[in-house]
Amino acid sequence: MSDRLFIFDTTLRDGEQVPGCQLNTVEKIQVAKQLEALGVDVIEAGFPISSPGDFNSVIEISKAVTWPTICALTRAVQKDIDVAVEALQYAKRKRIHTGIGTSESHIKYKFNSNREEIIERAVAAVKYAKRFVEDVEFYAEDAGRTDNEYLARVIEAVVKAGATVCNIPDTTGYCLPEEFGQKIKYLMEHVDGLSAGKAILSTHCHNDLGMATANTMTGIINGARQAEVTINGIGERAGNTSLEEVTMILKCHRGLGIDTNINTQKIYHTSRMVSSLMNMPVQPNKAIVGRNAFAHSSGIHQDGVLKNVQTYEIMDPKDVGIDDNSIVLTARSGRAALKHRLSVLGMEMEGEVLDKTYQAFLRLADQKKEINDDDILMLAGADRTAAHAIQLDYLQVTTGMGVRSVACIGLDISGEKFEASASGNGPVDAAIKALKTIIHRQMTLKEFTIQAISKGSDDVGKVHMQVEYDGHLYYGFGANTDIVTASVEAYIDCINKFKK
């Protein structure tokens, strides 16, 4: 059995299905290039038949990266596979990921079918995909709730049909770690093609009950040699298995004798890049990459760390790319320093785009003493709003204890200027009411979240909003050292996304 674990990253497919976290093609290419630099073996670039955007992203990602395998998801449907083949035409290494549900609930209620017919459809899909690519991965959706004997029959059939990887998803995050580990062990012992090395097993675990990483690890320990993961553990509902957790567990537990190709020193910057581009905060206590992952507040802990860091730290922060001695950027830093830091963070900039980002950097540096990596990533993504039809011209708010807040706002709507003022229950309420007097639409604020990037009083605040309009939910994002301005920018970001 190989001691090499292949890392299959689905940030750009399963991870991007999180509401409000959709990326455009340019942003997906940035993430894909960073995943390549990180050392990911397989990049699941999208579900080509699902939308023209996904189809185009798979094409462009295939062109942009060199050595990772590019994977396209399909259902066990010939048309899906045909579209995936077309989308993968430029990939240097290509894989089709096809499959079908195998649990009783999926067979009975989703497909209105029976066990034998499901096996036939699975085999047919693998054989059809095999006509076009050598590397075919089969997923048995809801394998976590599929009985092991039937699952083994399905896996043995698709391996005989030519599948090179068999994905065993805990689609609903239901399994207990011991249960999932035993499922992988059962398959390793009862499927001839696996023991003969014709195919490998893959884990794909969801975090609905908080056990995605634990289930993935028990799967690996029992014989799985591919782990399907996302950066920061993002994904539908409660998320997917976290790439950084699995790779650092294996690095810390050398006794398992299992290695990955991941350059762990690029983990932190990859995490911050994905968080910034997807406008999805990393919780402070998130393992490995959270703000507090290497923070010690307890007096006893601090005393121990000062005497010997290994008393309370099982990882060196530098192993995941957190460098306490990294260059600090200030208003006196030049373009070269900014360009270098952007490059370290996986963002390559030249010419006019760099000039615009540098000017924004100087304006922010005048407001803050020091610029951190999250600030830089926020600036690098600021040009995404440049083409919006509605833009904030100015905002002035009067507020204080014992007085009613009043806001005056100026908007530029497709080149035409508008102004309004309103009072409200606090500065944010006043500013949004003033905005609504210009934008005459029936819209409702459903969610409002504020996140500070670090801890300084001069720090940039991030605001995430969810607005309902015409029966649809829209997600917006704003970032500014002034939290009221960030809130208005987030609201405007939502409005710019409204369906016409």
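Computed from a predicted model, the values in this text were never measured in an experiment.

Below, the discussion takes up the overall build of the protein chain. Tallying secondary structure elements over the protein chain gives 17 helices and 14 strands in all. In terms of C-alpha radius of gyration, the protein chain reaches 25 Å, essentially the compact-globule figure of 23 Å for 500 residues. Over its C-alpha atoms, taken along the principal directions, the protein chain stretches across nearly 75 × 60 × 45 Å. Counting the 500 residues in the protein chain, one finds 53% classified as buried. Of the contacts made within the protein chain by residues no fewer than 6 positions apart, 66% connect residues no fewer than 24 positions apart. With an accessible surface of roughly 22600 Å², the protein chain has 49% of that area assigned to carbon and sulfur atoms. Across the protein chain, the mean location of the 54 positive side-chain charges is 1 Å away from that of the 65 negative side-chain charges.

Glancing now at the pattern of salt bridges. Applying the stated criterion across every chain, the model contains 28 salt bridges. Here Glu 244 and Lys 286 are joined by a salt bridge, their closest N and O atoms 2.9 Å apart. In this pair, Glu 244 is assigned in helix α10 (residues 243-252) and Lys 286 in the loop between α11 (267-277) and α12 (299-307), connecting sequence segments 42 residues apart. For the residue pair Glu 244 and Lys 286, the accessibility class agrees, reading buried in each case. When salt bridges with common partners are traced through the structure, they connect Arg 13, Asp 14 and Glu 44 into a single cluster.

Pairing is parallel around the closed barrel formed by eight strands, whose spatial order is β1-β2-β3-β4-β5-β6-β7-β8. Averaged over neighbouring strand pairs, the angle between their axes works out to 25° when direction is ignored. Strand direction decides the pairing type here: strand β1 (residues 6-9) and strand β2 (residues 42-46), joined by two bridges, are parallel. Residue pairing for β2: Phe 8 is matched across the bridge by Val 42.

This paragraph deals with the pairing of strand β4 (residues 94-101). A large share of β4 lies buried, amounting to seven of its eight residues. Bridge count between strand β3 (residues 69-73) and β4: four bridges; the pairing is parallel. Residue pairing in the sheet places Ala 72 in a bridge with Ile 96 of β4. One crossover worth recording links β3 to the parallel β4 by way of helix α3 (residues 78-87), and it is right-handed. Sheet topology note: the β4/strand β5 (residues 135-141) ladder contains seven bridges and is parallel. Looking at the pairing, Thr 98 lines up with Phe 138 of β5.

Quick look at the confidence of the model for the protein chain now. On average, residues of the protein chain score 89 in pLDDT, and 91% of them reach the 70 mark or higher. For the stretch residues 296-303, pLDDT sits under 50, and the model shows eight contacts to residues farther than four places along the chain or on other chains.

Between α3 and helix α5 (residues 115-130), whose axes approach to 10 Å, the crossing angle comes to 25°. Compared by their axis directions, α3 and α5 come out roughly parallel. Considering only the axes of α3 and α5, their crossing is right-handed. On α5, the residues that touch Gln 78, Ile 81 and Asp 82 of α3 are Ala 125, Tyr 128 and Ala 129. Partitioning the contact of α3 with α5 into residue classes produces four nonpolar, one polar and one charged.

As a further point, take helix α14 (residues 351-367). In this model α14 runs 25 Å from its N-terminal to its C-terminal C-alpha over 17 residues, within 8% of the 24 Å that 1.5 Å per residue would give. Looking at the buried positions of α14, the neighbouring elements they touch are α13 (335-344) and α15 (373-380).

As used here, a disulfide is simply a covalent bond connecting the sulfur atoms of two cysteines. Taken as a whole, this structure holds zero disulfides when the rule is applied. Counting only cysteine sulfurs, Cys 205 is the nearest neighbor of Cys 175, a cysteine outside any disulfide, at a range of 7.7 Å. The buried category is assigned to Cys 175, whose relative accessible area is 0%. The class of Cys 205 is buried, set by a relative accessible area of 0%.

Each value, and the rule that gives it
- Residues numbered from 1 in each chain as written.
- Predicted model: local features only at pLDDT ≥ 70, side-chain atom pairs only at ≥ 80, totals over all residues.
- Heavy atoms only, no water.
- Helix = DSSP H or I, 4+ residues; strand = E, 2+ residues; numbered from the N terminus.
- Rg over C-alpha atoms; globule rule 2.2 N^0.38 Å.
- Buried < 20%, exposed > 50% of the residue type's maximum accessible area, 1.4 Å probe, protein only.
- Contact = heavy atoms within 4.5 Å.
- Areas by Shrake-Rupley, 256 points an atom, 1.4 Å probe, with all protein chains shown as cover.
- Lys, Arg positive; Asp, Glu negative; His and termini not counted.
- Charge placed at Lys NZ, Arg CZ, Asp CG, Glu CD.
- Salt bridge = Lys/Arg side-chain N within 4 Å of Asp/Glu carboxyl O.
- Pairing = 2+ DSSP bridges.
- Axes fitted to C-alpha atoms, helices over the stretch in contact; angles between N-to-C directions.
- Right-handed = clockwise from strand over helix to strand, strands pointing away.
- pLDDT = per-residue confidence, 0-100.
- Parallel < 35°, antiparallel > 145°, perpendicular 65-115°, else oblique.
- Left-handed = near helix turned anticlockwise from the far one by under 90°.
- Nonpolar A, V, L, I, M, F, W, Y, C, P; charged D, E, K, R; others polar.
- Expected span 1.5 Å × (residues − 1).
- Disulfide = S-S within 2.5 Å.

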